[in-house]
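Chain by chain, the residues run as shown.
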Amino acid sequence: MASLIPKPRKKLVFLASGRGSNLEAVLQAIQKGKIPANPAFLVTDNPEAPSIRIAARQNIPAKILDWKSYPKKEEYHRELLEFLQESSPDLIVACGYMRILKPEIIRAFPNRIINIHPSLLPSFPGLHAQNQAFEYGVKIAGCTAHFVDEGVDSGPIILQGVVKIEEGMTERELTLAILKEEHKILPLAVQHFCEDRLSIKDRKVSIL
């Protein structure tokens with residue numbers, strides 16, 4: 001019987017601006033062998049982001065493009081695109097990245113950028129989604145792993161995690177409960193991509 005040849009591991013580049021807990025969740029899943037991928041780089045717009053230390057612990061180099069050091073923001077976006085093109089990742093994972101990617105980047109990597117958003121899209125896109133949900137008074141909140149398109153949090157949905165808002169729950173408690181679900185569904189979405197299990201038709205994502 002001929003031996004099965006394993007598929008090559010996907011090359012990942014991460015985008016992060018903050019503490020990096022979702023980055024850490026994905027990296028832990030890679031370490032455990034759940035995700036067949038090689039983490040190549042972290043790109044951050046924040047030179048003080050804790051995510052840099054998380055990447056360093058696993059010997060993942062960080063490319064720092066300090067947002068504040070670019071008086072002309074188009075230069076930031078141009079350098080980001082150039083770096084991503086040079087890196088040639090199979091997948092870009094935006095995990096707590098606080099900048100809107102320009103259309104040029106999205107067109108260069110169609111259906112190859114996954115983002116995690118702390119709401120049940122299409123409800124509450126944009127910033128402060130947990131606060132939006134809490135103030136609106138919804139009974140069910142959650143998070144969404146989705147492909148990035150040229151809209152704001154409007155790309156095809158891969159997975160969603162649900163959080164029931166209990167009576168008396170505070171906004172902080174809701175935020176932490178949503179974050180716990182993010183740590184589940186983002187690694188799983190990346191795993192499905194790296195296993196070539198995601199199919200998109202009419203903007204609907206199927207898991208094969």
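It should be emphasised that the depicted structure is a prediction, and the values quoted were computed from it without experimental measurement. (Residues numbered from 1 in each chain as written. Predicted model: local features only at pLDDT ≥ 70, side-chain atom pairs only at ≥ 80, totals over all residues. Heavy atoms only, no water.)

J.: Looking at this model, I keep getting lost on the overall build of the protein chain. Mind explaining?
T.: Helix and strand counts for the protein chain come out as 6 helices and 9 strands. Against the 2.2 N^0.38 benchmark of 17 Å for 208 residues, the protein chain shows a C-alpha radius of gyration of 17 Å, consistent with a compact globule. The C-alpha extent of the protein chain, read off along each of the three principal axes, is 55 × 55 × 35 Å. Taken over 208 residues, the protein chain has a buried fraction of 46%. (Helix = DSSP H or I, 4+ residues; strand = E, 2+ residues; numbered from the N terminus. Rg over C-alpha atoms; globule rule 2.2 N^0.38 Å. Buried < 20%, exposed > 50% of the residue type's maximum accessible area, 1.4 Å probe, protein only.)

J.: Where do I start with the environment of Gly126 in this structure?
T.: Here Gly126 is to be found in the loop between strand 5 (113–117) and helix 5 (129–136). Each C-alpha atom of the pair Gly126 and Arg172 lies 18 Å from the other, and the pair is 46 residues apart in sequence. In contact with Gly126, other than residues within four places in its own chain, are His117, Gln132, Val152 and Asp153. (Contact = heavy atoms within 4.5 Å.)

J.: So what exactly am I meant to see when it comes to the sheet that holds strand 3 (residues 62–64) here?
T.: Paired through backbone hydrogen bonds, the strands of a sheet run either parallel or antiparallel to each other. Reading across the sheet, the 7 strands line up as 3-2-1-4-5-6-7 and stay open at both edges, with mixed pairing between neighbours. Edge positions in the sheet fall to strand 3 and strand 7 (157–164), since each has one partner strand and no second. Between one strand axis and the next, the sheet turns by 20° as a mean value, whatever way the strands run. (Pairing = 2+ DSSP bridges. Axes fitted to C-alpha atoms, helices over the stretch in contact; angles between N-to-C directions.)

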